[in-house]
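The residues making up each chain are set out below.
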Amino acid sequence: MFATSRAFKYAGFFSVAAVGLWAAPARAQNAGGMSGAPGAGGISSAGAPNLGGAGSSAGGASSGASGQSGGAPNGAAGMSGGAPSAAAGMNGGGTSGSPGTSATNLVTNGTFDTTSTSPWWGYANDTIDPPAAQTLAVSDGRLCSTMTAGGEHPWDVIVGISGLALLPNQYYHVAFSVSADADRTIKFKTGFGDVPYTDYFLESVAATTTPQVVEYTYLNLRSDPMAQLQFQIGGSVGTVCLDNIVLEPVATPATPSYTTPATSGHPFKYYKDVVKMGTAVDTPMFLSSPLHNSIVAGEFSMITPANSMKMNLIEPTQGVFDYTDTDALAAWAKANGLEFRGHPLVWHTQTPSWLTDGTWDRDSLTAVMYAHIDGVLGHYVGQFPYWDVVNEAIDQVNGTWTFRSTIWHDTIGDDFMDLAFAHAHMVDPNAKLFYNDYNIEQKGNAKADKVFEVVSDMKTRGIPIDGVGFQGHYYVQPDGSTSGGVPNMKAIADNMARYAAINVEVHITECDFRIGKPLDDSKTQIQTKFYADLLQVCIDAPNCSHFTLWGLSDADSWVPGTFPDYDYAHVWDKQLMPKPAYEAMSQVFAKAGATTGMAGAPGAAGTSGGSGGSGGAVGSGGTGAVSNAGAPGVAGSGASSSGHPSAAKKDSGGCSLASSSTDTAPWLVSVLSLLGIAMVRRRSQRARA
Ligand code: 9MR
């Protein structure tokens with residue numbers, strides 16, 4: 001039988017960028033039931049998508065992938081589409097040839113050389129008003145859907161093929177040609193259609209009146225003998241035509257070598273003893289884009305999974321854990337020498353329906369929480385040094401800052417955090433355990449003060465909590481106003497200091513700075529200064545040893561899906577090119593490195609590329625630092641920490657760096673004015689073009 005309307009809605013939920021932070025559980029619950037008759041609603045093609053038995057087999061393993069795709073608004077299209085040289089990986093929107101046939105193509109009848117549509121099937125959602133309706137036919141050698149009612153969303157009308165055997169850890173090349181009678185956005189995915197809905201790989205594509213060849217290469221993590229390739233084309237009336245459809249296994253793409261663009265010559269990770277830089281990553285886009293991966297490996301010291309450890313993905317069925325994505329990320333991190341942050345164990349968002357639909361009392365839900373911690377932390381025990389044990393548990397309730405009303409708090413009670421931390425500590429006594437939240441960075445902010453009170457109290461009572469994660473999500477408004485969006489750095493420094501006084505570490509865990517559209521130079525300058533200033537605050541605080549960016553680039557950002565009026569939040573842009581914030585942060589590091597005798601401080605030689613290291617070292621007079629100066633992209637890897645024990649701080653109990661002002665440093669003023677010059681230059685180039 002055909003998958004039903006609500007079934008596909010759920011699939012679509014995952015596919016949409018607008019997976020709201022708080023909308024997720026509510027909408028996920030909608031997925032539980034199925035209704036409607038497959039084949040109804042104007043489906044002309046009789047085919048039967050593979051459901052039933054295969055659904056259950058794919059279910060447990062594959063639901064993890066759904067959120068991964070859904071959790072990556074804009075996904076790899078931007079990430080790789082515009083990436084320089086397409087990175088031997090994904091190259092959405094390409095205009096190269098239209099393969100259509102291939103010895104290894106899993107798709108049959110992808111070229112529509114006869115009038116037969118088989119084995120392609122159509123689906124239209126008949127539960128909405130008006131019911132979606134399509135007719136599917138081969139026209140001029142293409143498979144064309146004519147929608148007399150398109151429904152509301154792309155997933156309200158689907159053209160698909162079933163029964164494709166996908167192999168785990170295998171790269172696949174997806175290619176097709178698409179056109180429409182008017183511009184529209186469609187989605188395509190590999191995955192599964194039945195409950196629980198699965199997206200192994202999912203992308204948005206612009207269809208125009210001119211046929212375009214779309215091509216991607218992605219890493220498929222899961223084994224599925226009965227997968228589907230779907231084109232989600234609904235949303236409005238019209239015609240969409242497809243041709244030359246290919247899904248074929250291909251060799252693992254080569255990872256491009258990486259050279260840091262930092263003028264100091266040193267990537268972020270060179271300064272890991274000053275502060276470890278991390279970034280959030282999301283499967284499958286992350287592992288599918290060699291360019292993205294090479295930047296992360298080349299610059300960063302740690303990664304956090306953006307979605308794969310969320311409870312709905314890692315424990316989709318009670319007691320059944322799906323580690324597929326996290327295992328793949330962890331293996332990649334290990335192979336590339338990066339640390340891993342577990343995120344999150346206990347959170348009220350992205351929870352599975354079995355949890356939210358269940359009937360629990362204090363004892364039974366505590367058992368569920370313990371079993372989840374056992375299952376997740378236990379699986380990675382000894383491997384991940386840092387864990388966000390409880391996420392976002394403080395909120396304003398009836399005007400008072402207190403524990404957020406969640407299933408965890410409301411069922412277990414005020415001590416649910418105590419219990420979670422104590423249990424996590426029992427499972428992995430060596431892991432550092434964190435409470436993680438947003439809007440808690442600045443001392444004097446009511447929420448921040450409440451969290452400090454809660455954490456202090458936990459410390460006083462001997463609860464094993466090691467640190468607090470300041471998420472660090474900030475912004476400039478569309479009108480350019482910084483009100484509310486740019487933090488008071490002094491207040492953040494003061495907050496870190498009061499945590500230091502109670503022996504609690506602080507990590508910046510999810511930093512980004514979104515820009516209200518449209519993007520302009522002054523907003524970019526505000527962003528640049530923000531990133532540099534916040535990094536400086538962390539460096540200056542003896543108890544702040546980690547600074548994680550919530551995503552590498554604007555190409556696969558969570559921001560536009562959650563805040564449609566905002567974008568451009570990250571340090572690398574949609575083409576995976578570093579923004580001015582990158583160099584500004586790099587220079588903050590270089591200055592700190594010089595202070596402690598490391599190479600790479602800014603200065604006469606420090607801004608001249610490969611010789612930057614020696615320039616900084618000379619400036620600092622650091623012992624032996626000159627010997628560590630290296631060519632860009634060379635010195636950065638691995639050698640830094642052992643080479644600079646004097647720079648070790650905080651995390652290892654080493655000395656802290658000399659305190660410096662959190663006011664904008666003179667060198668940053670120079671970066672900003674250089675940025676201004678560069679932008680003026682770019683504008684005049686554009687004007688000339
Ligand atoms: O980046 C994540 C995004 O892809 C998901 O859609 C979203 C769903 O809740 O979660 C995002 O990550 C959140 C993190 O886990 C906790 N703090 C807020 C982050 C941004 O929403």
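To be clear, the structure that these remarks concern was listed above.
If you're wondering where the values come from, they're calculated on a predicted model, not measured in any experiment. (Residues numbered from 1 in each chain as written. Predicted model: local features only at pLDDT ≥ 70, side-chain atom pairs only at ≥ 80, totals over all residues. Heavy atoms only, no water.)

(A) Fine view of the state of the cysteines. A full pass over the atoms with the stated rule returns two disulfides. The side chain of cysteine 144 participates in a disulfide bridge whose partner is cysteine 241; the two sulfur atoms lie 2.0 Å from each other. The sign of the S-S torsion, about 115°, decides the handedness of the disulfide formed by cysteine 144 and cysteine 241: right-handed. Here cysteine 241 lies in strand 10 (residues 238-250) and cysteine 144 lies in strand 3 (residues 142-149), a separation of 97 residues in the sequence. The burial state of cysteine 144 is the same as that of cysteine 241; both residues are buried. Between the sulfur atoms of cysteine 538 and its disulfide partner cysteine 544 the distance amounts to 2.0 Å. Linking cysteine 538 and cysteine 544, the disulfide has an S-S dihedral of approximately -90° and is accordingly described as left-handed. Owing to a relative accessible area of 0%, cysteine 544 belongs among the buried residues under this scheme. (Disulfide = S-S within 2.5 Å. Helix = DSSP H or I, 4+ residues; strand = E, 2+ residues; numbered from the N terminus. Buried < 20%, exposed > 50% of the residue type's maximum accessible area, 1.4 Å probe, protein only.)

(B) Spotlight on the sheet that holds strand 8 (residues 212-220). Ordered by their spatial adjacency, five strands build an open sheet running 2-3-10-5-8, and the pairing between neighbours is antiparallel. Bordering the open sheet on either side are strand 2 (133-139) and strand 8, each of which pairs with just one other strand. In this sheet, adjacent strand axes meet at a mean angle of 25° when their direction is disregarded. Sheet topology places strand 2 next to strand 3; seven bridges connect them, and they run antiparallel. Within strand 3, the position partnered with valine 138 by the bridge is leucine 143. (Pairing = 2+ DSSP bridges. Axes fitted to C-alpha atoms, helices over the stretch in contact; angles between N-to-C directions.)

(C) Just unusual backbone geometry, in detail. Cis geometry marks the peptide bond from serine 118 to proline 119; its omega dihedral reads 5°. Along the polypeptide, proline 119 turns up in the loop between helix 4 (75-81) and strand 1 (121-124). Here the bond from aspartate 129 into proline 130 is cis, since omega is -5°, no more than 30 degrees from zero. Examined against the element boundaries, proline 130 turns out to sit in the loop between strand 1 and strand 2.

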